[in-house]
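The primary structure of each chain is shown beneath.
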Amino acid sequence: MNEKIENIFIEWKEKSKEIALHFKNRNKQQAKEPMKYFLQQLLKTIYLGNGVQPDDLMNYKNDLKEFKHIPVNAIERLSFIEDQPDHYQSFIQLSELFSEWEKKVVIIKKRST
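Now for a description of the structure that goes with this document. Computed from a prediction, not measured in an experiment: that's the story for all the values here. (Residues numbered from 1 in each chain as written. Predicted model: local features only at pLDDT ≥ 70, side-chain atom pairs only at ≥ 80, totals over all residues. Heavy atoms only, no water.)

### With respect to the side chain of Asp86
Reasoning step 1: Residue placement: Asp86 occurs in the loop between α4 (74-83) and α5 (88-112).
Reasoning step 2: With no salt bridge to any partner, buried Asp86 finds its closest opposite charge in Lys28, at an N-O distance of 4.7 Å.
Reasoning step 3: Of note is the side chain of Asp86, whose polar atom sits 3.1 Å from the side chain of His87.
Reasoning step 4: Every residue in contact with Asp86, bar those within four places of it in the chain, is listed here: Phe23, Lys28, Gln29 and Lys32. (Helix = DSSP H or I, 4+ residues; strand = E, 2+ residues; numbered from the N terminus. Buried < 20%, exposed > 50% of the residue type's maximum accessible area, 1.4 Å probe, protein only. Lys, Arg positive; Asp, Glu negative; His and termini not counted. Salt bridge = Lys/Arg side-chain N within 4 Å of Asp/Glu carboxyl O. Polar contact = N/O pair within 3.5 Å; in protein donor to acceptor, adjacent residues only side chain to side chain. Contact = heavy atoms within 4.5 Å.)

Spelled out as C-alpha cells, the structure:
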C-alpha cells in the first residue's frame, strides 16, 4: 500500500475518535472542520489508489466517474458528507467509506503484486 495512503488511514483512526466525541457532546461546530479535512484526505486516498496525483479535488465528482476503483456509491455518499459535514450521519458515512476503501486498497495492492 502506498505510504501516503497508509498514513492517511492511520491519521483517520487516531483523529476519528475526537470527531466522534464532538458529535457525542453535540458540538457540531467543533466537528465541522475536521470532517471537511478528512473528506479531502479520503479523496486523496481514492486518487492515489487509482494511480492519479490528487492535484485539484474540487472536480472529484467528474474524476471519480473515470476511476476504475472507488467505494460503492462513492459520489453520492461523498456529496452527502460535503453538503452536511456537521451532521452525525455524515460522520457515519465517512467512517464507513474509510473502512470500505481501506479494505479495497489492500485488495488492489495484492492484485498488482
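### Thoughts on the nonpolar core
Reasoning step 1: Ranked by size, the top nonpolar core spans 30 residues in total, and within it Ile19, Leu42, Leu64, Leu78, Leu94 and Phe98 carry the most contacts.
Reasoning step 2: Per-element tally for this core: the top contributor is helix α2 (residues 28-49), with nine residues.
Reasoning step 3: Beyond its immediate sequence surroundings of up to four residues, Leu78 is in contact with Leu39, Leu42, Leu43, Ile46, Tyr60, Leu64 and Leu97. (Core = buried A, V, L, I, M, F, W, Y, C linked by side-chain atoms within 4.5 Å.)

### Examining the pattern of salt bridges
Reasoning step 1: Across all of its chains, the model carries five salt bridges by this definition.
Reasoning step 2: Among the salt bridges present, the one from Lys61 reaches Glu82, with a minimum N-O distance of 3.7 Å. Within this pair, whereas Lys61 is found in helix α3 (residues 60-66), its partner Glu82 is found in helix α4, the two being separated by 21 residues in sequence.
Reasoning step 3: Residue class for Lys61 comes out partly exposed when judged on its relative accessible area of 34%.
Reasoning step 4: With a shortest N-O distance of 3.9 Å, Glu96 and Arg77 are connected by a salt bridge. Pair noted here: Glu96 is in helix α5 and Arg77 is in helix α4, with a separation of 19 residues, a long-range link.
Reasoning step 5: Several salt bridges share partner residues, and in doing so they unite Arg77, Glu96 and Glu100 into one network.

### Points about helix α1 (residues 3-24)
Reasoning step 1: Taking 1.5 Å per residue as the helical rise, α1 with its 22 residues ought to reach 32 Å, and the 32 Å between its terminal C-alpha atoms agrees with that figure.
Reasoning step 2: At Lys15, α1 shows its maximal bend, which comes to roughly 35°.
Reasoning step 3: The complete set of buried residues in α1 reads Ile5, Ile8, Phe9, Trp12, Ser16, Ile19, His22 and Phe23.
Reasoning step 4: Among the structural elements, α2 and α5 are those in contact with the buried residues of α1. (Expected span 1.5 Å × (residues − 1). Bend = angle between axes of the 7 residues up to and from the residue.)

### What to know about the side chain of Ser79
Reasoning step 1: Tracing the backbone through its elements, the reader meets Ser79 in helix α4.
Reasoning step 2: The contact partners of Ser79, leaving out residues within four places of it in the chain, are Tyr60 and Lys61.

Function cannot be read off these values alone, since they describe shape.
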